[in-house]
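# Secondary and tertiary structure notes
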Amino acid sequence: MDLVFGSLVVIFLAGVIPIFIIVGVGENKENKESKESRKNLWLKIFMILLGVGIFSEMLVGLIGIFNLFSFNLNSNLKVTFILFNGISMHFRIDTLSSYFILIISFVSLISLIYSYDYFFKQEENSTSLNLSRTLNYFFFSVLVGSMILVVCSDDILSFIFSWELMGISSFLLIIYHHQKEETRHGGLYYFIFSHIGVTLLIFGFATLYSYAGAGDFSFNSLISNCKLSNAMKECLFILFFVAFSLKGGVFPLHVWLPLAHPVAPAHISAILSGVMIKMGFYGIFRMYLLLGPESFSSKVGSLILFIGIVSALMGGLYTMAQNNLKKMLAYCSVENAGIILIAMGMGMLAISLGNKLVAALSFAGALIHILNHALFKSLLFLSVGEIVQKTHNDSIDKMGGLIKYFPYTGVCFLIGALAVIGVPFLNGFIGEFLIYNSLFRGISFNNFSFIISVLSILILAFLGMTSFMGFIKAFSFTFLGESRVTFSSLSSLSSLSSLSSLSSLSFFKNDRYMHYPIMILALLCLLIGICPLLILKTIFAIVDKSFKLQSIASGDYYTYVFLPFRYLSLALGIFIVIMMIILFIRHKLLKNKSSNHFDNHVDNHVDDHNVPTWDCGYEMTIKEKKDNFQACYSGNSFSFSMVDFLRPLILLRENYGLIKEFFVSNTRYQVEIRDLVEVKIISKFLKWISYLKSAGQWIEKGSTQMHIFYIAISLFLTVVGFFIWGIHK
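Quick summary incoming for the structure in this document. (Residues numbered from 1 in each chain as written. Predicted model: local features only at pLDDT ≥ 70, side-chain atom pairs only at ≥ 80, totals over all residues. Heavy atoms only, no water.)

## Looking at the packing of helix H5 (residues 156-174) against helix H6 (residues 181-212)
Their axes nearest at 9 Å, the elements H5 and H6 cross at an angle of 175°. Relative to H6, the element H5 is oriented roughly antiparallel. Judged by residue contacts, Ile156, Phe159, Ile160, Trp163, Glu164, Met166, Gly167, Ser170, Phe171 and Ile174 of H5 engage Thr183, Gly187, Leu188, Tyr190, Phe191, Ser194, His195, Val198, Leu201, Ile202, Phe205 and Tyr209 from H6. (Axes fitted to C-alpha atoms, helices over the stretch in contact; angles between N-to-C directions. Helix = DSSP H or I, 4+ residues; strand = E, 2+ residues; numbered from the N terminus. Parallel < 35°, antiparallel > 145°, perpendicular 65-115°, else oblique. Contact = heavy atoms within 4.5 Å.)

## A look at helix H10 (residues 266-276)
The buried fraction of H10 amounts to 11 of the 11 residues, a majority that puts the element mostly inside the structure. Listed in full, the buried residues belonging to H10 are Ala266, His267, Ile268, Ser269, Ala270, Ile271, Leu272, Ser273, Gly274, Val275 and Met276. (Buried < 20%, exposed > 50% of the residue type's maximum accessible area, 1.4 Å probe, protein only.)

## Examining the packing of H10 against helix H11 (residues 278-291)
Two elements in contact, H10 and H11, have axes separated by 6 Å at closest approach and are oriented at 20°. If you check the angle between H10 and H11, you find them roughly parallel. Mapping the contact onto sequence places Ser273, Gly274, Val275 and Met276 in H10 and Lys278, Met279 and Gly280 in H11. In terms of residue class, the contact of H10 with H11 is made up of three nonpolar, three polar and one charged. (Nonpolar A, V, L, I, M, F, W, Y, C, P; charged D, E, K, R; others polar.)

## A closer look at the pattern of salt bridges
In the structure shown here, the tally under the stated rule is three salt bridges. Here Arg92 ties to Asp94 by a salt bridge, and the two come within 3.7 Å at their closest N and O atoms. When its relative accessible area of 21% is taken as the criterion, Arg92 is described as partly exposed. A residue is classified by how much of its surface remains accessible, and Asp94, at 23% relative accessible area, is partly exposed. Across the pair Arg286 and Asp94 runs a salt bridge, and its minimum N-O distance is 3.0 Å. (Salt bridge = Lys/Arg side-chain N within 4 Å of Asp/Glu carboxyl O.)

## Digging into the nonpolar core
Formed by 208 residues in total, the largest nonpolar core has its most connected members in Phe237 and Leu536. Counting residues per element, this core draws most heavily on helix H14 (residues 356-391), which supplies 22 residues. If you count residues domain by domain, this core takes at least three from each of domain 1 (297-551) and domain 2 (676-728). Once residues within four sequence positions are removed from consideration, Leu536 is found in contact with Ile368, Ile430, Leu434, Val561, Phe562 and Phe565. (Core = buried A, V, L, I, M, F, W, Y, C linked by side-chain atoms within 4.5 Å. Domains from an automatic or database assignment.)

## Considering the packing of aromatic side chains
When we look at a pair of aromatic rings, we describe it by the centre distance and by the angle of the planes. Scanning the entire structure with this criterion turns up 24 aromatic pairs. With 4.8 Å between their ring centres and 55° between their planes, Phe171 and Phe191 make a pair best called tilted. Of this pair, Phe171 sits in helix H5 while Phe191 sits in helix H6; the two residues are 20 residues apart in sequence, bridging distant segments of the chain. Its relative accessible area of 17% is what places Phe171 among the buried residues. What links up through ring pairs into an aromatic cluster is the set Phe237, Phe285, Tyr288, Phe296, Phe363 and Phe547. (Phe/Tyr/Trp six-rings, centres within 6.5 Å; stacked < 30°, edge-to-face > 60°.)

## Quick notes on the environment of Ala321
Mapped onto the elements, Ala321 comes out in helix H12 (residues 298-321). On the accessibility criterion, Ala321 (1% relative accessible area) is buried. When the C-alpha atoms of Ala321 and Glu672 are compared, they prove to be 9.7 Å apart, with 351 residues separating the residues in sequence.

What is shown is where atoms sit, not what they do.
Shown next as C-alpha cells:
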C-alpha cells in the first residue's frame, strides 16, 4: 500500500505543480516566444513525472497478480486513515483490485504518451492554450488517481469520495473544447447522469448502513453487523446495479455516452471508454461479492443476463447504423457493455444453481473481455483521433483512401476492428469463446435458464454480423477507395499539390508518439489472440480467488479451456507462417512493378494504363470528389437495407426533396440516426421539465415584498406542522 499511495502522490504532484509554474512564467517580463518554450518544457518534464507515477501503479497491479502464484511480493494489503471523531477511511488491495489497477494504469500510460503529439503538434501556441493543456493534465492525473482509489476503497466514505472525484474530473476533461456547443451539450448530459448515479449510490449505502445499526463505515463491518433478508439484499443489489450501470453505459442508461465520447480529446475518449466505464462493472462485481453470492436467487442472474442481451443488441444495431466514427465507437461500447453483462449474469445464474464450472467460465469471460475491450477500444479511439485531428472531420461519408497517408494507423485500425468483430487470431475472440462456452453449458439448466441461454447465443451470433457490417463499413469507407476527404484541411499540408510528395514515413517520424501507443495496443491484441494461455491461467486464478471457486478440478479447466486454446494457438501459428510465405512471394513477384496512378490523379489526369477505383460511374477529380462526396457510395447506402428493416428499433430522420422532373438534375437525400431512448424518453422528460419551469415562472417575477411574503408563509406552515406533530407525539 505504501507504493500505491506513494505513486498517487507523484501522480497528483505531476498534475498540480505545472499549474503554478505556468502562471508564474506568465508573469515574468520575457519575450513571448521564450515564455512559451519554457512553459512547454516544464509541462513536458511533469508529463514524464506523471508517467513515472502511473508506471509505478502498474507495478502495484503486477505485484497483486503475482501474489496469486505465492511470490509474496507484497505483505501490506490494507491501510486505514483516521480522520476525526473516530471516522476513518479504509483501503485494501485484493486480486480483483490488482487486476483493475493494472488495466487502469496501462491504458492511462498509453494515452498519456499519445497525448504528447496530439497536444503539442497543434498550430496554436498561446498562453490560454498552454493553460488549457496544463489543466487537462491536472484533471487527467486526478481521474487516474481517483479510479485507482475506487478499486482500492474498502468503506463507504472512501468509495463515494473517489467515485465523485472520478465523475467531476472526467466531466472537466470531456469539456476541454468547451467553446463548442456540442461539447457543452455532451458534457452536461454526462454530468447529470453521473450525479444521478452518485445519488443512487449514496441512497444504497445509507440503506445498508441503517440496517447495520453500529460499527464503522468499512464494508466488512457493515456486512458483519447487517441483518438483511435475502430479498432485501437482492433489492439493494439491483439499486447498486442501476447506479453502476449509469457509469458503465448500459442500455437504456447509455444516453450520455454517444454524446460525451465524440466531443472529448482522443486520449480522453480512450480512457473513458477503455477504462472509466469499467469502473461500473467493478462496482457490480464488488457489491455482488460484498452482499454475498449465496444470498441471490436465480432471478437476479436472469435479470442481469436479460439486460445484457438488450444492451448488446441495441448497441450493436446503432453501431452498424452510425456514420460518425466516434459515435460508432461509443455505441460499440454499449454493445460490449452488454456482452460483459451477459457473462456476468450467466455467472450469477450458475452460482445460484450450484454449477461452479459454468460460473468460472462466465466470470473469466467477463474479466478477460473487460481487458480486451480496454485494449481494442483504446486502439480504435486513438487511431480515429489521429484521423480526425488531421482531416478535421469524423464523418465516414467524407473520407476515403486515407490508408495512402496513414498506413500504420490504417493497419492498426483494421486490427482493432477485427478484434471487435471477434476474429479468432485476435484478443476479442478469447473472451467471446469463453462466454459462448458458458452459455452452451447453461442450456442444461432449468426451463427459463434454457430459454435465456439460447436467446443469448442467438443474440451474440447476430451481433457478430452487425459488428462485421459496422466496422467493415468504417474501415473500407475511411481508408480504402478513392479519396473524398477535404485534404486542404490536413494540418501538415498547405495545398492539394503537396499530396504527391507526402510519404507515410514522414508522417511516422513527425507523429511517432501518436503511432507508438497505437502500435503497442495492436501488438497486444495480436499477442493475446495468438497466445491466449499467457493470460488465461491468471484470469482463472483471479476468478477462483475472488469468487471462492477453488473447488473446481484443474482438469476441468484443462479439458474445456486450456486444451482447445492450445490447439488454436498451434493452428494460428501454422496459418501465420503460411501467410508470411505468401506475402514474401507476392513481394518478390511485384517488386519491379510500379503504379503512378495516384500521382497522376493528384495532377487531375489519368494515364492509359491505370483506371480509378470504380465510383458509381462517376469519373471525378479529387477536387470534385471533395465537393460532391455523396455522389459516390456512402456509409448510409452500405447499411441502409438492414437499418431500414430494423426501423422500429432504429429511429431515422430523413430529409429529401421530391422528384418532380422527368430528367432529374438535382435532388437531395439525408439520413440522421436518432437514439431511441433520447428521442422517446429523455426529450419528452425535458419537455415536461421545461413546461413545469414555464408554469412556475410567475413566482420569479414577483416584487421583493411578495418574496418576503412567501418566506413568511413557509415559516408559518413549518411552525404549524411541528406544533401538530408535537401534539400527536
